[in-house]
Amino acid sequence: MKKVGIVGIGHGKFGVRSDASLRELVFEAVKACMDDSGVTLKEVDSMVTGVAGDEFSFGIQPSAQVHDYIGFHPKPNFRVEAACATGSAALRTGWMNIASGLADVVLVVGVEKMTELPTSTATEIMGRAGDATWEYPFGTTFPGYYAMIANAHMAEYGTTEEQLARVAVKNHYYGSLNPYAQMQKEITLEKAITSFTVAYPLKLYDCSLITDGAAAIILASEEKAKSISKKPIWIAGLGCGTDAMRLGDRKSLTSLEATRVAARAAYKMAGVGPSDIDIATAHDCFTIAEIVAYEDLGFCEKGEGGKLIEAKETYVGGRIPVNVDGGLKSKGHPLGATGVSMAIEITKQLRGEADQRQVKNAEIGLTHNVGGSGQVSFIHIFRRE
Amino acid sequence: MEFKNFSLFINQTKVNRFADDLAGGKIMSTLCKKCGKQYYPPAADCSSCMGSEMEWKELKAEGKLLTFTKIHVPPEHFAVRQPLMPFSSIQFEPCPIGIIEVGKELPIMGWIPKMDIKKIKVGMKMKASPFALPDGKITIVLEPV
Ligand SMILES: CC(C)(COP(=O)(O)OP(=O)(O)OC[C@H]1O[C@@H](n2cnc3c(N)ncnc32)[C@H](O)[C@@H]1OP(=O)(O)O)[C@@H](O)C(=O)NCCC(=O)NCCS
Ligand SMILES: [Zn+2]
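Just so you know, the residues in each chain are numbered from 1, in the order the chain's sequence is written. Chain A is the first chain written and ligand 1 is the first ligand written, with later ones labelled in order. Residue-level local features of this predicted model are given only where pLDDT is at least 70; pairs of side-chain atoms are given and counted only at 80 or more, and the full residue set underlies all totals for whole chains, interfaces and linings. Excluded from the side-chain calculations are hydrogens and water; all other atoms, namely the structure's heavy atoms, are used.

> Sorry if this is basic, but what is going on with the overall build of chain B here?
Only DSSP runs of H or I reaching four residues or more are called helices, and only runs of E reaching two or more are called strands; each is numbered from the N terminus. Check the secondary structure of chain B and you find two helices and eight strands. If you list the helices and strands of chain B from N to C, you get α-α-β-β-β-β-β-β-β-β. Taking the intrachain contacts of chain B between residues at least 6 apart in sequence as the baseline, contacts between residues at least 24 apart amount to 51%. Only the protein chains shown count as covering a residue, and every accessible area follows the Shrake-Rupley method with a 1.4 Å probe. Here chain B displays about 8,100 Å² of accessible surface, and carbon together with sulfur accounts for 53% of that area. In this charge count, Lys and Arg are treated as positive and Asp and Glu as negative; neither His nor the chain ends contribute. Where a charge lies is defined by one atom per residue type, namely NZ (Lys), CZ (Arg), CG (Asp) and CD (Glu). Computing the positive centroid from 20 side-chain charges and the negative centroid from 15, chain B places the two 4 Å apart. Note on contacts: a residue pair is in contact if any heavy atoms of the two residues lie within 4.5 Å.

What follows is the structure, given as structure tokens:
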């Protein structure tokens, strides 16, 4: 199999970006990516665009809005979609482009423009990422699905609301150190626990943000990567897994089968195990999701996720630092951009460019990105050498 | 009866009859005639053997509560409009929902209108029944047994 490396990264500012449209957000990220890599679009063979919602982009074919605005036509570009994991699906597609020999240099773009719609509309659109026929009639929302996972996890393993809140405290702390984050504000445990209930038992601070933002990466084949960059970061393992549409049909309500399948594949391909990972970004769309991810990724035993955060093992300096970029919780979660943003954070960490958030000597990193309430999951493992 | 009276938006499916039966007081599943696999929600096709010959079967809709929640920030369709009277507000008290497991791995989702969220516990025994709403829609409610 051909080796594929990351040679350029570009991260736009995440937040309520009422100053910019979808295509303008992408321009910022692509421009930053060109500056980082020294590569111009002339040298790029092909492009992949990750956008999750048609409703958010106010029209189908958001990928065309994007390639038109950055002037990429007539070269290949198309859209990839996997709900909240859209960005990782785009990265995987970019990898496939190169590994198959179709292209040598690929631009992967992820973007979402979510805040132009009111929260209730955004909630409705995302809620229908569940089963629109059989679940939605009961008023289900995204926080609602994860709230049901939380209640099951609490009943089975004694996970507490305080442990959930501790995830929020950590991610807000790191978000406060990340200039690209939407909320650069530390919070107290007290504040998290007393915030209003969104879907019982999840409260405001258990939820990720609704965000506008874009991120871009340039991938290259081994030969090209070495000629473009002094320190390419290699994609060493990829995994993807899926699960039933409806929560009730899952084998387990306290674990995401899609993630476990994806993890197995990615670890195997990279020839590493959970204890080899120096730094990870996990899908913390809700605090419970990060706790479940600790367990599904093998960072702790099943049911021990709450204790792992309680012991601060997922802080920098702990056993396995997770989401030290602020995560979806505080950096923000523009659906299509999130997976790309995760890979950018790991690239920075492995390059040693993460400033105050740097994990010392990080060599192997992992991203974990879940679509919907666990219908699809993507894992990528990255290496410095 | 239109299937939309249950699903709210989607109307065109091969299992339309589900809504009629629900209105008639029955929660129905489908059963694959070839391999015997049972489906709830009902499916018109069997993913186990790829057959499409199904028969309808009523569920004895009792089982353990798998999980639950109470959604305070609802989607637009369910959202409360603010009153037109100035300086006024409407108190919104949403209804909890849950999923019970019936028989072997058949999950039924429903509203839990009669219970305080703090009293709802995973594992409690509940039954599901059809419920006709005042606006002509038809849904499912769960209550402890
Ligand atoms: C939780 C949620 C409903 C809150 O939305 P909202 O009620 O419209 O909140 P508003 O935008 O009115 O913001 C109110 C305040 O809370 C803050 N806020 C909003 N969401 C927040 C969050 N998730 N965490 C912390 N603070 C938040 C805002 O910054 C604002 O602060 P300010 O008053 O100081 O400016 C919304 O953030 C949400 O739905 N999140 C989940 C998104 C999701 O499901 N994503 C897909 C997951 S895969
Ligand atoms: Zn069958």
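Back to the text.
> Before we go on, may I ask you to explain the interface of chain A and chain B in this structure?
Where interface size is given, it is often the accessible area lost as the parts come together that is meant. On the side of chain B, 35 residues touch chain A, which itself brings 31 residues to the contact. A combined buried area of about 2,900 Å² lies between chain A and chain B, and 73% of that area is made up of carbon and sulfur atoms. Buried area, as used here, totals the accessible surface that two parts lose on assembly, with accessibility defined by a 1.4 Å probe and the loss added over both. Broken down residue by residue, the surface that chain A buries against chain B is led by Trp134(A), Phe138(A) and Tyr200(A), which jointly contribute 29%. Within this document, salt bridges are pairs made up of a side-chain nitrogen of Lys or Arg and a carboxyl oxygen of Asp or Glu, the two lying within 4 Å of each other. Where chain A touches chain B, the interface holds zero salt bridges. In protein, a polar contact requires one atom able to donate a hydrogen and another able to accept it; more generally it is a pair of N or O atoms within 3.5 Å, and residues adjacent in sequence count only if both atoms are side-chain atoms. Here chain A and chain B share ten residue pairs in polar contact (both at pLDDT 80 or more) between them.

> In this structure, what is going on with the coordination of the zinc ion (ligand 2)? I would like to understand it.
Reference geometry at the metal: tetrahedral coordination by four donors gives ideal angles of 109.5 degrees; octahedral coordination by six donors gives 90 or 180 degrees. Residue and element names in this part refer to chain B. Note that water is not among the atoms used; donors are N, O and S atoms within 2.8 Å of the metal (3.2 Å for Na, K and Ca), so sites may look incomplete. Taken together, the protein donors to the zinc ion (ligand 2) comprise Cys32 (SG), Cys35 (SG), Cys46 (SG) and Cys49 (SG), at separations of 2.3 Å. Angular criteria define each label, namely tetrahedral for four donors with all angles between 85 and 135 degrees, square planar for four and octahedral for six donors with opposite donors over 155 degrees apart and remaining angles between 65 and 115, and irregular for whatever fails these tests. Classification of the site at the zinc ion (ligand 2) rests on its four donor atoms, whose angles at the metal span 101 to 118°, yielding the label tetrahedral. Of note, the zinc ion (ligand 2) draws all its donor residues from one chain, in the sequence arrangement C-x2-C-x10-C-x2-C. Of this pair, Cys35 sits in the loop between strand 1 (28-32) and strand 2 (38-39) while Cys49 sits in the loop between strand 2 and strand 3 (54-58); the two residues are 14 residues apart in sequence, bridging distant segments of the chain.

> Explain the site of ligand 1 here, please?
By nearness alone, 19 residues border ligand 1, and Cys84(A), Thr119(A), Cys207(A), Ser208(A) and Lys329(A) come closest of all. At the site occupied by ligand 1, nearby residues are drawn from chains A and B. At a separation of 3.5 Å, a nitrogen atom of ligand 1 approaches a polar backbone atom of Leu204(A). Note that a nitrogen atom of ligand 1 is positioned 3.0 Å from one of the side-chain N or O atoms of Lys329(A). For ligand 1, whose free accessible area comes to 910 Å², the fraction covered by protein is 66%. Residue assignment for the shell around ligand 1 shows that the elements contributing at least two residues are helix 5 (119-127) and helix 6 (142-157) of chain A. A per-class count over the shell around ligand 1 returns 14 nonpolar, four polar and one charged. Near is defined per residue: the residue qualifies when any heavy atom it owns lies within 4 Å of the molecule or strand. The classification used treats Ala, Val, Leu, Ile, Met, Phe, Trp, Tyr, Cys and Pro as nonpolar, Asp, Glu, Lys and Arg as charged, and all other residues, Gly among them, as polar.

> Sorry, what's going on with the environment of Arg23(A) here?
Residue and element names in this part refer to chain A. Residue placement: Arg23 occurs in helix 1 (residues 22-37). Distance from Arg23 to His67, taken between C-alpha atoms, is 8.5 Å for residues 44 residues apart in sequence. Not counting residues within four places of it along the chain, the set of residues in contact with Arg23 comprises Gln65 and Tyr69.

> What exactly am I supposed to notice about the sheet that holds strand 1 of chain B here?
For sheets, the rule is that strands pair by backbone hydrogen bonds, running either parallel or antiparallel. All names here are of chain B. Paired strands, as defined in this entry, are two strands with at least two bridges between them according to DSSP. Spatial strand order, 2-1-3: three strands in an open sheet with antiparallel pairing. In this open sheet, the two edge strands, each paired with only one partner strand, are strand 2 and strand 3. Pairing of strand 1 with strand 2 involves two bridges; the strand directions are antiparallel. For Leu31, the partnering residue across the bridge sits in strand 2 and is Gln38.

> How do you make sense of the nonpolar core when you look at a structure like this?
A general tendency of soluble globular proteins is for nonpolar side chains to be buried together. Grouping buried Ala, Val, Leu, Ile, Met, Phe, Trp, Tyr and Cys residues that are joined through side-chain atoms within 4.5 Å yields what is termed a nonpolar core. Note on classification: 1.4 Å probe, protein chains only; a residue is buried when its accessible area is under 20% of the maximum for its type, exposed when over 50%, partly exposed between these limits. Core analysis: the biggest nonpolar cluster contains 137 residues, and Tyr146(A), Phe6(B), Ile108(B) and Ile140(B) have the highest contact counts within it. The dominant element in this core, judged by the number of residues it contributes, is helix 6 of chain A, at nine residues. Formed by 27 residues, the second largest nonpolar core is a distinct cluster that contains Val66(A), Ile70(A), Val109(A) and Trp234(A).

> Please explain the pattern of salt bridges as it appears in this structure.
Close approach of charged atoms lets side chains of opposite charge pair. Applying the stated criterion across every chain yields a total of 30 salt bridges over all chains. Arg17(A) serves as the salt-bridge partner of Glu28(A), at 2.7 Å between the closest nitrogen and oxygen. Here Glu28(A), found in helix 1, pairs with Arg17(A), found in the loop between strand 1 (4-11) and helix 1; they are eleven residues apart in sequence, far enough to count as distant. Note on Arg17(A): relative accessible area 9%, which makes it buried. Between Arg17(B) and Asp21(B) there is a salt bridge whose closest N-O contact spans 2.8 Å. Here the residue Arg17(B) and the residue Asp21(B) both occupy positions in helix 2 (residues 17-23), the gap between them amounting to four residues, near one helical turn.

> Could you clarify how one ought to interpret the sheet that holds strand 9 (residues 279-281) of chain A in this entry?
All names here are of chain A. With mixed pairing, nine strands are arranged side by side in an open sheet as 3-2-4-7-1-8-11-10-9. The open sheet terminates on both sides in strands that have one partner only, identified here as strand 3 (77-80) and strand 9. Direction aside, the axes of adjacent strands within the sheet are offset by 25° on average. All axes here are fitted lines through C-alpha atoms, helices being fitted over the stretch that makes contact, and every angle between N-to-C directions spans 0 to 180 degrees. Sheet strands in contact with helix 1 are strand 1, strand 4 (105-113) and strand 7 (212-221), and its direction is about 40° off that of strand 7.

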